[in-house]
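The lines below spell out each chain.
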Amino acid sequence: MGKNLLIVESPAKAKTIEKILGADFTVKSSFGHIRDLEKGTKGIDIENNFEPHYVVSPEKVKVVKELKSQVAKASEVWLATDDDREGEAISWHLCEELNLDLESTKRIVFSEITKPAIQKAVSNPRRVNVHLVNAQQARRVLDRIVGYELSEVLWRKVKNKLSAGRVQSVAVKLIVDREREIQGFKVTPFFKVNAYFDVVNDKGEQVSLKAEYTTRIDNEQEAEDFLQKANRATFTINDIEKKPLKRFPAAPFTTSTLQQEASRKLGFSVNRTMSVAQRLYEEGLITYMRTDSTNLSNEAMDSIAQEIQTAFGKEYHHPRKFKSKVANAQEAHEAIRPTYIERKNIGPDRDMMRLYDLIWKRTIASQMADAQIEKTTVKIGISTMIDKQLEAVGEVLKFEGFLKVYLESTDDEDESETKGMLPPLRKNQVLQLNHMQAQESFTKAPGRYTEASLVKKLEELGIGRPSTYAPTISKIMEEERGYVTKESREGQSREVRVLTLKDGVLSRIVKSENHGATKNVLYPSDMGILVSDFLTEHFGRIMDYNFTARVENALDQIASNDLEWRSMLKDFYKPFHQRVEDTMEHAERAKGKRILGKDLESGHSVLVQITRYGPVIQIGDKDELCDDEKPRFANLKPGQSIETITFEEAMDLFKLPRTLGTYKDEEISVNTGRYGPYIKYGDTYVNLPKGTDPMNVTEEDALSLIEAKEAENAPIGYLDGKPITKGKGRFGPFVKWNDLYVNIPVRYKLETITEPEAIELIHAKQDKEANRYIQTWTDPSISIENGRWGPFIRFGKNNIKIPKINGEKLDVDYLKTVDLETVKSWIEAELPDAFKSSAVVKKPKASKKK
C-alpha cells in the first residue's frame, strides 16, 4: 500500500508541510503552473465557443512525468495549492494532466502553514471548485485575446514588438494621465505669514512660540501691507482651546496595504515585497500573502491579546474587528499576520526579517488601544487688525496606545509634522514679538505615482486583484516595452521672496530653493504616452477605468456561479474584434508628430515624432524635402519628452555633436544618443556620468573619461596571441576576445577576474557555440539549433517549433539528416507564404491600404 501523495505548487512549501504531516504523506511540488494556453492563435478556438487549448510548458515536462510516477505509486492523491483562484486553477490542471477524478480527488486549503491549520485542512477536505477555476480561465482567456489582438494592432500601427493588455494598458494610462495633469498644472505663488514670539517655558527659559496666519495672501504687496500694519501692534492671547483627540490604529495588512507600506517604510518594490512575503509564507511564518481581507481569526486575536497584555499591560489592549473596504474581497479569508505572534524575530535573511517585523508590528497595533492626544489651539489677536488673528497649535500625547508599537505612513509629501508642546500660556497674555516673516510659497501639482500609490489607485478603482498588482507593475516597467520607468530626478532652482519685520524694520530678500525633485517615482516614456493615446482613441472601452473594474466584477460573478464564463467572453469579443478589424483597416500610423516651428537656416519644419529608433527631433519633413535632401535628426536628452520639449530646447540639440579636440590623432566629439550622452573618439564610445550636460563638457573632462576607459579596456590577458578585454555593457559585465563576447557569471567579479578565469569562460562559450547548430543553410538563412527546451528552427528573427511525427519528438540524429525542403514546409506551416518574397516575414499581414 503506497503513501498519500500531497501536491503543492512550491518546493519550499512542500518541505515545510512534509515535516508537519510525517511519514504517512509524500509531499511533492508542481513548481507553479504545469500547463498554459498554447502560444499564438492556437491557444483559443474562438469559433468553438472559446475552447482553450492547454499544453504542458516545456520546462514542466519532466515535472509532470515525475508527478505521474508518484501518482501511480500513491494510495490517494491530495491537492494543496494556494487558496485563491490561481491556486484552484493549478489544482484543476493537475487533475486534467495527471488523470485524477475531479469528483473524488481531495482538495485542501489553509491560510497558514502551521500544524493545527494543516491538520484541520486534512480533516476537512473538499473537491476542486470548478467555478473558481472558470473565473481564472475566463481571466486568462480574456487577457490572451485582448493582449494578442491589441499587440497585433500596435505592431502594425505604432512599432514592432510592442505589447498591450487589459490591465497593464490601463495602468499605463493612469501614469500618463497623471503626468499630463502635472504638466498642465498652473503654479500659483502666494505668501504665508508666521510670527515668532519670545515666551518663557515652565523651566524659566526663554523659548520661541511660532504662530501662523492661516489665510493665504495672494501677492507681495498684500504681504507687505500685512507686515506694515503688524508693525508696533500689540499681540494678545484672545482664546486658548484644549480638545481631546484620538488616533486609531490601521487594520492588519492586506496584499495592497502591505505593498504600499513596505514601499514607504522599507523602500521595497512591489515585486520584492511579494517575493519576500512568499518565502515567509512558505516557511510557515505568516499567513497567506494574497488577500484583500482584514479579518483576524478568533484564535489569532486571543494570542495577540495575550501578547499585548504581557508586553504592555491590559490598558493597551483593545480588541477590534475590521471590515474590508474592498466590495468583493475574495482571495483568502484572513489578513496577513504572523502565524505565531509570540515569535518576534526571525533570521538570518535581512529582507525577511524586516518585512516580518513590519507585519508583526502592524498586526499587534491593530488590536491595541487608541492613542489619546490633547490638542491646544491658541488664538492671538492683532491690535492693528481687529478682524485678523494668528494661531499657534500644540499637541500633548496623553496615552500612547498603539503608537507605542506602530504608526502608518502616507504618500503625502507634505504630511503635517507632529506638533510639539506649547509653553505655559494664559488668556489675555500680551506676547512679545521677536519677528514676523512673510515667505513666498507655490501651489503644488499632484505627485507622480510611486509603485505603492499606483497599487492604492488600482485598488480604489477596482482594477485587478491582490494576485495581479505586482505582475502588472513589473510588466509595464519592462525595458523592452519601454512604457514606464522608475526614476529619481533632480529638481530645479527657483527664486523665493521673503519679507521680514524685526525691531520695527521691514527687510526684503530673495533666496533660492530647489523644487520638483523626485525619488523613485513612475514616469511615462514617449512610447508609453503614444501607445496609451492610440489605444484610448481607438479602444476607449478597453481603456475605460470603469470597464476594467466591471470585468473584475464579472469574474467575481463567475466565481460565485452567477455568470457563465463563456457567455461573458462571447458578449465581450464580438464588438471588440470588430473594433480591431476596423482599426487595422482605417487607422493612421501613430507617430506622436508635433511641429515646433521653422528652422531659420533651411526654412524647413522642426518637428518631434517617434521613429523605429525611438523619439527624435527632425528638421525637414518628407513632404518639403527635395529628392537629394535628407532630414537632419537629433536625439532627445534623458528626461526630455516630445510632449513638452520647446522649439528652443530642440534647436539646442542640433548643436551636437560638438568637437572638443583630438587625442592620439583622433577627433574627440560629444553627442547624445538613444542611451544618453557620450564621448566618441575613433571607434571608442564613453558614456558620460549620469546628470552630465553634454553642452558643458570640456576637452579636459573628455580626456579624463577617455583615459579611464582605456585603463578599463586594457587587456587582462591573451589567448592565442589575441587580447582579452573586459567591460560592462547593457546586459551586464563581459569579457571579449576575438569579437566573441562572454557574459561574466555572478561567481566572478568584473574588477578582479583573472586571465585563467577569463580563458575558462571563453573556452566554455566556444564549446557551447560548437554544439549550438545541428544544421545550417545560407540561402535562405535557416538553421536548426539546440535550445534550452530542445531543438528549434531559426528563420530570420523567428523561432519555429519543430513538429512531432506520429506524436513523437524528432531526435537530433534525425534532424541532422532532414533536407531543406522539409524544413521549409515546417516553417510555412507556422508562417504561410514565408518564401513567396525574398524578405523574411514576421507574421502574415494584410496588404497595406494605398
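Relevant structure appears above.
One structure accompanies this document, and this report is about it.

The rules behind the values
- Residues numbered from 1 in each chain as written.
- Predicted model: local features only at pLDDT ≥ 70, side-chain atom pairs only at ≥ 80, totals over all residues.
- Heavy atoms only, no water.
- Helix = DSSP H or I, 4+ residues; strand = E, 2+ residues; numbered from the N terminus.
- Buried < 20%, exposed > 50% of the residue type's maximum accessible area, 1.4 Å probe, protein only.
- Contact = heavy atoms within 4.5 Å.
- Areas by Shrake-Rupley, 256 points an atom, 1.4 Å probe, with all protein chains shown as cover.
- Pairing = 2+ DSSP bridges.
- Axes fitted to C-alpha atoms, helices over the stretch in contact; angles between N-to-C directions.
- Expected span 1.5 Å × (residues − 1).
- Polar contact = N/O pair within 3.5 Å; in protein donor to acceptor, adjacent residues only side chain to side chain.
- Parallel < 35°, antiparallel > 145°, perpendicular 65-115°, else oblique.
- Nonpolar A, V, L, I, M, F, W, Y, C, P; charged D, E, K, R; others polar.
- Salt bridge = Lys/Arg side-chain N within 4 Å of Asp/Glu carboxyl O.
- Patch = residues over 30% accessible without salt bridge, like charges linked within 9 Å, V, L, I, M, F, W, Y side chains within 5 Å.
- Lys, Arg positive; Asp, Glu negative; His and termini not counted.
- Charge placed at Lys NZ, Arg CZ, Asp CG, Glu CD.
- Core = buried A, V, L, I, M, F, W, Y, C linked by side-chain atoms within 4.5 Å.
- Phe/Tyr/Trp six-rings, centres within 6.5 Å; stacked < 30°, edge-to-face > 60°.
- Lys NZ or Arg CZ within 6 Å of the ring centre and 35° of its normal.

### Some points on the overall build of the protein chain
Reasoning step 1: The secondary structure content of the protein chain amounts to 22 helices and 34 strands.
Reasoning step 2: The buried share of the protein chain, taken over its 850 residues, is 46%.
Reasoning step 3: Restricting to contacts in the protein chain with at least 6 residues of sequence separation, those with at least 24 account for 67%.
Reasoning step 4: Accessible surface computed for the protein chain: about 45,400 Å², of which carbon and sulfur atoms make up 47%.

### Some remarks on the sheet that holds strand β23 (residues 658–663)
Reasoning step 1: Spatially, β23-β24-β25-β26 is the arrangement adopted by the four strands of the open sheet, whose pairing is antiparallel. Whereas interior strands pair on both sides, the edge strands pair on one side only; in this sheet they are β23 and β26 (684–687). Averaged over all pairs of adjacent strands, the angle between strand axes in this sheet comes to 30°, irrespective of strand direction.
Reasoning step 2: Pairing between β23 and strand β24 (residues 666–673): five bridges, direction antiparallel. Opposite Y663, over in β24, you have E666 as the bridge partner.

### A look at helix α11 (residues 350–365)
Reasoning step 1: Helix length check: α11 (16 residues) gives 22 Å between terminal C-alpha atoms against 22 Å at 1.5 Å per residue, within 8%.
Reasoning step 2: Buried within α11 are the following residues: D351, M352, L355, Y356, L358, I359, W360, R362, T363, I364 and A365.
Reasoning step 3: Residues of α11 that are buried in the fold lie against α8 (255–266), α9 (270–282) and α10 (298–311).
Reasoning step 4: At the N-terminal end of α11, a side-chain oxygen is found 3.0 Å from the backbone nitrogen of D351, two or three residues along, and the residue is D349.

### A closer look at the packing of helix α1 (residues 11–21) against helix α4 (residues 115–123)
Reasoning step 1: Interaxial distance between α1 and α4 falls to 10 Å at its minimum, and their mutual angle equals 80°. Our classification of the angle between α1 and α4 gives roughly perpendicular. On α4, the residues that touch I17, I20 and L21 of α1 are K115, I118 and V122.
Reasoning step 2: Its residues assigned to classes, the contact of α1 with α4 shows five nonpolar, no polar and one charged.

### Overview of the side chain of S366
Reasoning step 1: Among the structural elements, S366 can be located in the loop between α11 and β12 (371–382).
Reasoning step 2: Sequence-distant contacts of S366, that is, excluding residues within four places in its chain, are made with P249, A250, A251, P252, L296, R320 and F322.

### Observations regarding unusual backbone geometry
Reasoning step 1: Here the amide bond leading from L656 into P657 is cis, since omega sits at 0°, within 30 degrees of zero.
Reasoning step 2: Positionally, P657 belongs in the loop between α18 (647–653) and β23.
Reasoning step 3: You will see that N520, though not glycine, has its phi angle at about 50°, which is positive.
Reasoning step 4: Position of N520 among the secondary structure elements: in strand β18 (residues 518–524).

### A word on the pattern of salt bridges
Reasoning step 1: Counting across every chain of the model gives 46 salt bridges.
Reasoning step 2: Across the salt bridge formed by R85 and D556, the nearest N and O atoms sit 2.5 Å from each other. Here R85 is found in helix α3 (residues 85–97), whereas its partner D556 is found in helix α16 (residues 545–559), with 471 residues between them in sequence.
Reasoning step 3: By relative accessible area, which is 9% here, D556 ends up buried.
Reasoning step 4: In this structure, D349 engages R279 in a salt bridge whose closest nitrogen and oxygen atoms are separated by 2.6 Å. Highlighted residues: D349 in the loop between α10 and α11 and R279 in helix α9, separated in sequence by 70 residues.
Reasoning step 5: Accessibility expressed as a relative area gives 29% for D349, which makes it partly exposed.
Reasoning step 6: One salt-bridge network, in which partners are shared between bridges, spans E220, E224, E440, R497 and R508.

### Section: the pairing of strand β32 (residues 782–787)
Regular strands have side chains that alternate between both faces of the sheet.
Reasoning step 1: Across four bridges, the pairing between strand β31 (residues 773–777) and β32 is antiparallel. The partner of T776 across the bridge, within β32, is S783.
Reasoning step 2: What sits between β31 and β32 in their antiparallel hairpin is a turn of four residues.
Reasoning step 3: Bridge count for β32 against strand β33 (residues 790–795) is six bridges, and the pairing is antiparallel. Paired with N786 across the bridge in β33 is P791.
Reasoning step 4: Counting the residues between successive antiparallel strands, the hairpin from β32 to β33 contains two residues.

### Notes on the sheet that holds strand β8 (residues 106–107)
Reasoning step 1: Taken together, the four strands give an open sheet; going across it, the order is β2-β1-β7-β8, and neighbouring strands pair in parallel fashion. In this open sheet, the two edge strands, each paired with only one partner strand, are β2 (25–29) and β8.
Reasoning step 2: Across four bridges, strand β1 (residues 4–8) lies against strand β7 (residues 76–79) in parallel orientation. Within the sheet, the bridge partner assigned to I7 lies in β7 and is L79.
Reasoning step 3: Strands β1 and β2 of the sheet are contacted by α1, whose axis makes an angle of about 170° with β2.

### Observations concerning a positive patch on the surface
Reasoning step 1: Taken together, the side chains of K39, K801, K804 and K809 define a basic patch exposed on the protein surface.
Reasoning step 2: As for its placement among the helices and strands, K809 is situated in the loop between β34 (798–800) and α21 (812–815).

### Points about the pairing of strand β11 (residues 235–247)
Reasoning step 1: Bridge count for β11 against β12 is twelve bridges, and the pairing is antiparallel. Across the sheet, residue T236 finds its bridge partner in β12, namely G381.

### What about the packing of helix α5 (residues 130–157) against α16?
Reasoning step 1: In contact at an axis separation of 7 Å, α5 and α16 are set at 150° when each is read in the N-to-C sense. As judged from the angle between their axes, α5 and α16 are roughly antiparallel. Between α5 and α16, the residues in contact are H131, L132, N134, A135, A138, R139 and L142 and V551, E552, L555, I558 and A559, respectively.
Reasoning step 2: Looking at the contact of α5 with α16 residue by residue, the classes come out as eight nonpolar, two polar and two charged.

### A few points about the environment of S263
Reasoning step 1: As for its placement among the helices and strands, S263 is situated in helix α8.
Reasoning step 2: Exposure remark for S263: the relative accessible area of 18% places this residue in the buried category.
Reasoning step 3: In this structure, the C-alpha to C-alpha distance between S263 and R343, residues 80 residues apart in sequence, is 24 Å.
Reasoning step 4: In contact with S263, not counting residues within four places along its chain, are F268 and A452.

### Remarks on the side chain of S163
Reasoning step 1: Inspection of the secondary structure puts S163 in the loop between α5 and α6 (168–183).
Reasoning step 2: Exposure remark for S163: the relative accessible area of 10% places this residue in the buried category.
Reasoning step 3: At 3.3 Å, the side chain of S163 and the side chain of Q168 are in polar contact.
Reasoning step 4: When sequence neighbours within four positions are dropped, the list of residues in contact with S163 reads S151, L154, Q168, R481 and Y483.

### A short note on the nonpolar core
Reasoning step 1: Residues L6, L280, L355, F576 and I617 are the most contacted members of the largest nonpolar core, which totals 145 residues.
Reasoning step 2: The residues touching F576, leaving out its near neighbours within four places in the chain, are I145, V146, E149, L150, F539 and I542.
Reasoning step 3: Counting residues in hydrophobic clusters, the runner-up holds 30 residues, among them F226, V378, L390 and L499.

### Observations regarding the packing of aromatic side chains
Reasoning step 1: Under the defined criterion, the tally for this structure stands at 15 aromatic pairs.
Reasoning step 2: Counting every residue linked through ring pairs, the aromatic cluster contains F539, F547, F572 and F576.
Reasoning step 3: Lying over the aromatic face of Y449, R178 brings its terminal NZ or CZ to 4.3 Å of the ring centre.
Reasoning step 4: One Lys or Arg, K824, reaches over the ring of F835 and ends 5.1 Å from the middle of that ring.

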